[in-house]
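Topology and contacts: notes
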2 protein chains.
Amino acid sequence: MDIQLKRGLLDVCVLAAIKSEDSYGYKIIKDMKPYIEISESTLYTILKRLELAGMLTVRTSEHGGRLRKYYHITKAGLGRLEDFKDEWREVMSIYQFVTLGDTKNEKK
Amino acid sequence: MDIQLKRGLLDVCVLAAIKSEDSYGYKIIKDMKPYIEISESTLYTILKRLELAGMLTVRTSEHGGRLRKYYHITKAGLGRLEDFKDEWREVMSIYQFVTLGDTKNEKK
DNA sequence: AATAATACTTCGTGATATGATGTATTACAC
DNA sequence: GTGTAATACATCATATCACGAAGTATTATT
């Protein structure tokens, strides 16, 4: 999939991945995989960015003798997801513009 | 609208704006305006990029004592628009992922 | 013992949207 | 007839960001 199209989608995907329950890096990647590929370097960059923006909080927890960072979505993060749904209406109108006049049985 | 979401949309929007008939910079901006805002610097950058990629051709023509650059979509450009429609299926599946479990009457 | 999987980090790079600024002509308001 | 807006295109510097590469460390599997 086109890199540029992914931008703007990745952030909300990560937030969506931790929406229903706290999760950690490796799991987020696996959960997103069926829908969108994300590299480790990209994910951890995004997680840090989202943390700085107050969209999520981090908690370090031991798991099987190894440290894991669990990410928890905040109210701001949930708000971001809501805003995204609003923006999506705009996106769909743009899609309409791009595919305008593309129906098979188009009239002149 | 979110800058990141615009990426990946702008290129195809510009191609769509010259799809049915040749157009020029200023008109493209005005045609796109109801759907998506684009600054002049961005548009001319994109037009140059698309020309280099063989998605469109340029023809300079005089109009009212002033030079105008008319942009014409190529087969490759039309192909790009077709590819975009395929990619859109992926985008919609991502949207599903993001809004998963967001219905009002959600079951546990 | 070796390899794969899990888990996170840092760095450099390339793509790119945009504001600022500049040039030049035409149309219009006063 | 002079100033301002609109038309039309160009260039530059900047900031954001996805990603590959490379690294560190532990656990699970073969």
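Note: the structure precedes this text.
Structural notes, computed from the coordinates.

Each value, and the rule that gives it
Residues numbered from 1 in each chain as written. Chains lettered and ligands numbered in written order. Predicted model: local features only at pLDDT ≥ 70, side-chain atom pairs only at ≥ 80, totals over all residues. Heavy atoms only, no water. Helix = DSSP H or I, 4+ residues; strand = E, 2+ residues; numbered from the N terminus. Rg over C-alpha atoms; globule rule 2.2 N^0.38 Å. Contact = heavy atoms within 4.5 Å. Areas by Shrake-Rupley, 256 points an atom, 1.4 Å probe, with all protein chains shown as cover. Lys, Arg positive; Asp, Glu negative; His and termini not counted. Charge placed at Lys NZ, Arg CZ, Asp CG, Glu CD. Pairing = 2+ DSSP bridges. Near = heavy atom within 4 Å. Polar contact = N/O pair within 3.5 Å; in protein donor to acceptor, adjacent residues only side chain to side chain. Nonpolar A, V, L, I, M, F, W, Y, C, P; charged D, E, K, R; others polar. Salt bridge = Lys/Arg side-chain N within 4 Å of Asp/Glu carboxyl O. Buried < 20%, exposed > 50% of the residue type's maximum accessible area, 1.4 Å probe, protein only. Least-squares fit on C-alpha atoms with pLDDT ≥ 70 in both. Arc of directions from axis to C-beta.

1. Re the overall build of chain A
Within chain A, the regular secondary structure consists of 5 helices and 3 strands. Ordered by position in the sequence, the α and β elements of chain A form the string α-α-β-α-α-β-β-α. Relative to the 2.2 N^0.38 estimate, which gives 13 Å for 108 residues, the radius of gyration of chain A is 18 Å and therefore markedly larger than a compact globule would have. Its C-alpha atoms put chain A at 70 × 25 × 20 Å along the principal axes. Here the contacts in chain A between residues at least 6 apart in sequence split such that 49% fall between residues at least 24 apart. Carbon and sulfur atoms form 50% of the exposed surface of chain A, whose accessible area is close to 6700 Å². Considering chain A, the positive charge centre built from 19 side chains and the negative charge centre built from 16 side chains are found 3 Å apart.

2. Overview of the pairing of strand β3 (residues 66–73) of chain B
Residues and elements named next belong to chain B. By the bridge criterion, 2 bridges tie strand β1 (residues 23–24) to β3 in an arrangement that is antiparallel. Each residue of the ladder has a partner; that of Y24, found in β3, is Y70. Judged from the 8 bridges that link them, strand β2 (residues 56–63) and β3 form a sheet pairing that is antiparallel. Bridge pairing in β3 places T60 opposite K69. The antiparallel hairpin formed by β2 and β3 contains 2 residues in its connecting segment, where G64 sits at a positive phi of about 65 degrees.

3. Looking at the protein's contact with DNA strand D
Around DNA strand D sit 23 residues, and of these K6 and R49 of chain A together with R66, R68 and K69 of chain B come closest. In DNA strand D, the atoms that sit within 4 Å of the protein are 68% sugar and phosphate, with bases accounting for the remainder. One nitrogen or oxygen atom from the side chain of S41 of chain A is found 2.8 Å from a base nitrogen belonging to DNA strand D. Contact distances for DNA strand D include 3.3 Å between a phosphate oxygen and a backbone N or O atom of Y26 of chain B. Listing elements by their share of the surface near DNA strand D, those giving two or more residues are α4 (40–52) of chain A together with α3 (25–32), α4 (40–52) and β3 of chain B. Class assignment of the residues belonging to the surface near DNA strand D gives a composition of 5 nonpolar, 8 polar and 10 charged.

4. Brief notes about the interface of chain A and chain B
By a widely used convention, the size of an interface equals the accessible area lost when the partners come together. Between chain A and chain B, the residue contacts involve 34 residues of the former and 34 residues of the latter. Counting the contacts that link chain A with chain B gives 0 salt bridges. Our count for the contact surface shared by chain A and chain B stands at 8 residue pairs in polar contact (both at pLDDT 80 or more). When residues of the side of chain A that touches chain B are traced back to their parent elements, those giving at least two are α1 (3–6), α2 (10–17), α3 (25–32) and α5 (75–98) of chain A.

5. Things to note about the protein's contact with DNA strand C
Every one of the 24 residues lining DNA strand C counts as a neighbour, but E40, R66, R68 and K69 of chain A together with R49 of chain B are closest to it. Near-protein atoms of DNA strand C (within 4 Å) split between backbone and bases, with sugar and phosphate holding 68%. Taking S41 of chain B, its side chain carries an N or O atom lying 2.9 Å from a base nitrogen of DNA strand C. T42 of chain B places a side-chain nitrogen or oxygen 3.2 Å from a phosphate oxygen of DNA strand C.

6. Here's the deal with the pattern of salt bridges
Residue and element names in this part refer to chain A. Counted under the stated rule, the structure contains 12 salt bridges over all chains. Among the salt bridges present, the one from E82 reaches K85, with a minimum N-O distance of 3.5 Å. Of this pair, E82 and K85 both sit in helix α5, separated by 3 residues, roughly a single helical turn. On the basis of relative accessibility, which here comes to 42%, the residue E82 falls in the partly exposed class.

7. Considerations on the relation of the copies chain A and chain B
Overlaying chain A with chain B gives an RMSD of 0.0 Å, the required rotation being 180 degrees about an axis along which the chain moves by 0.0 Å. Here the copies are linked by what is in effect a two-fold axis. Take the interface residues of chain A: 100% of them recur as interface residues in chain B, which is what a same-surface contact looks like.

8. Comments concerning α3 of chain A
When α3 of chain A is considered as a whole, its buried residues turn out to be G25, I28, I29 and M32 of chain A. With its buried residues spanning 100 degrees around the axis, α3 of chain A presents them on a single face. Summarising the geometry of α3 of chain A, the exposed residues directed more than 90 degrees from the buried face are Y26 and K30 of chain A. Its buried side turned inward, α3 of chain A meets α2, β1 (23–24), α4 and β3 (66–73) of chain A together with α5 (75–98) of chain B.

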